[in-house]
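Chain and residue survey
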Amino acid sequence: MITDGTQKIGYLMYNQFASSYDQDLNAAFSNFKAEAVNDLIIDLRYNGGGSTNSAGYLGSMVTGQFTGEVYSKEVWNNKVLSAFSSDNFTNNFPTKITKTDANDNIVVDEAINSLNLSRVYFIVYGSSASASELVINALDAYIDVKIVGTTTVGKQVGSITLYDSDNLFRSGDNLNTEHTYAMQPLVLEITNKDGKNYPNGIVPGTNFTGINLGEDIGNLGVLGERSDPLLDRTLEYISTGAKSSAKTKDFIKTEEIFNSKLATPAKNNMYSELK
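Described in the following lines is the structure provided in the data block. If you're wondering where the values come from, they're calculated on a predicted model, not measured in any experiment.

Turning to the overall build of the protein chain, a few remarks are in order. Within the protein chain one finds five helices and 14 strands. For the protein chain, the residues scored as buried account for 45% of the 275 residues in total. Residue pairs at least 24 apart in sequence account for 74% of intrachain contacts in the protein chain once pairs closer than 6 positions are excluded. Of the roughly 14000 Å² that the protein chain leaves accessible, carbon and sulfur atoms contribute 49%.

Structure, rendered in structure tokens:
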């Protein structure tokens, strides 16, 4: 937590929507709740995406006042859409973190710690993609969302995981346990409740309220501290509401040559669980 005058501001750097850390994320929000934060900054500048379930959990942690409302919508091909109920393609704000084992036994059933905020700030960058963009877009349909950073990737499509079993589920009959890999084909597009998304990326100050500000490799500062120019500018934005700053200075813009995350199987990945 960051104290700025009378403001208590929660700060969360979140680098991947990994389901194995959902409970840790919920614990962090328990701390924010106990501290009664007034505002929240979620730093997604290095977050290339991940689980849509985790994205839904994060959305409910920020809010909490929209239980049962539509969080996001999935658009599949016409053959799939016609074969299943429309409920299968609608994701509502969750109230609990629920996980099951390979036999569909519930192993986690934990209430979500919600802050009931009406405003949230995100720090984004050219590495922010998929589930990161989903959270921003989904929440923007309900609360005041402000962005600081540069244009995001614009990846609005997701995959499902298919296993070598009779019904393609991990819990399916005749699961081949010798296989250490599964398939994750791109099968869906995802939008907010209004059917809106950003295939060309979220652009702070252009198609989204906020400030377009890049990282200065000559002055990166320390993550989580005010010496980080992006965090400092976001805190100034919270306290003054101003989109311009007397602290702003010119610097040489750089172009990313390679991102090591792009060399992993999970690069800019967004995946949904089969229902």
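Our focus in this paragraph is the side chain of Lys155. In this structure, Lys155 sits in the loop between strand E10 (144-149) and strand E11 (157-159). With no salt bridge to any partner, buried Lys155 finds its closest opposite charge in Glu133, at an N-O distance of 7.6 Å. At a separation of 2.9 Å, a polar atom in the side chain of Lys155 contacts the main-chain carbonyl oxygen of Val157.

One finds Phe29, Leu58, Val62, Phe122 and Leu139 to be the most contacted residues of the largest nonpolar core, which totals 45 residues. Of all the secondary structure elements, the ones that give two or more residues to this core are helix H1 (22-35), strand E3 (39-43), helix H2 (52-62), strand E9 (119-124), helix H4 (131-140), E10 and strand E12 (186-191). When residues of this core are assigned to their parent elements, the largest contribution, six residues, is made by H4. When residues no more than four places from it in sequence are discounted, the contact partners of Leu139 are Gly59, Val62, Thr63, Tyr71, Phe93, Val120, Phe122 and Val145. One finds Ile2, Tyr11, Val148 and Tyr237 within the second-largest nonpolar core, a separate group that totals 14 residues.

This next bit is on the pattern of salt bridges. Under the criterion given, the structure shown has eleven salt bridges. The shortest N-O distance in the salt bridge between Lys96 and Asp109 comes to 3.5 Å. Pair noted here: Lys96 is in strand E7 (residues 96-100) and Asp109 is in strand E8 (residues 106-111), with a separation of 13 residues, a long-range link. The class for Lys96 is partly exposed, based on a relative accessible area of 41%. The exposure class of Asp109 is partly exposed, given its relative accessible area of 47%.

Burial of E3 is extensive: five of the five residues sit out of reach of the surface. As a crossover connection, the stretch from strand E2 (residues 7-13) through H1 into E3 is right-handed. In this structure, E3 lies alongside E9, joined through three bridges in parallel fashion. Within the sheet, the bridge partner assigned to Ile42 lies in E9 and is Phe122.

We now examine the packing of H2 against H4. Between two packed helices, the angle of one axis relative to the other and the distance separating the axes together describe the packing. At a minimum axis distance of 9 Å, the contact between H2 and H4 shows a crossing angle of 40°. Looking at the two axes, H2 sits oblique to H4. The crossing of H2 and H4 is right-handed. On H4, the residues touching Thr52, Ala55, Leu58, Gly59 and Val62 of H2 are Ala131, Leu134, Val135 and Leu139. For the contact of H2 with H4, the per-class residue count stands at seven nonpolar, two polar and no charged.

Cut-offs applied
Residues numbered from 1 in each chain as written. Predicted model: local features only at pLDDT ≥ 70, side-chain atom pairs only at ≥ 80, totals over all residues. Heavy atoms only, no water. Helix = DSSP H or I, 4+ residues; strand = E, 2+ residues; numbered from the N terminus. Buried < 20%, exposed > 50% of the residue type's maximum accessible area, 1.4 Å probe, protein only. Contact = heavy atoms within 4.5 Å. Areas by Shrake-Rupley, 256 points an atom, 1.4 Å probe, with all protein chains shown as cover. Lys, Arg positive; Asp, Glu negative; His and termini not counted. Salt bridge = Lys/Arg side-chain N within 4 Å of Asp/Glu carboxyl O. Polar contact = N/O pair within 3.5 Å; in protein donor to acceptor, adjacent residues only side chain to side chain. Core = buried A, V, L, I, M, F, W, Y, C linked by side-chain atoms within 4.5 Å. Right-handed = clockwise from strand over helix to strand, strands pointing away. Pairing = 2+ DSSP bridges. Axes fitted to C-alpha atoms, helices over the stretch in contact; angles between N-to-C directions. Parallel < 35°, antiparallel > 145°, perpendicular 65-115°, else oblique. Left-handed = near helix turned anticlockwise from the far one by under 90°. Nonpolar A, V, L, I, M, F, W, Y, C, P; charged D, E, K, R; others polar.

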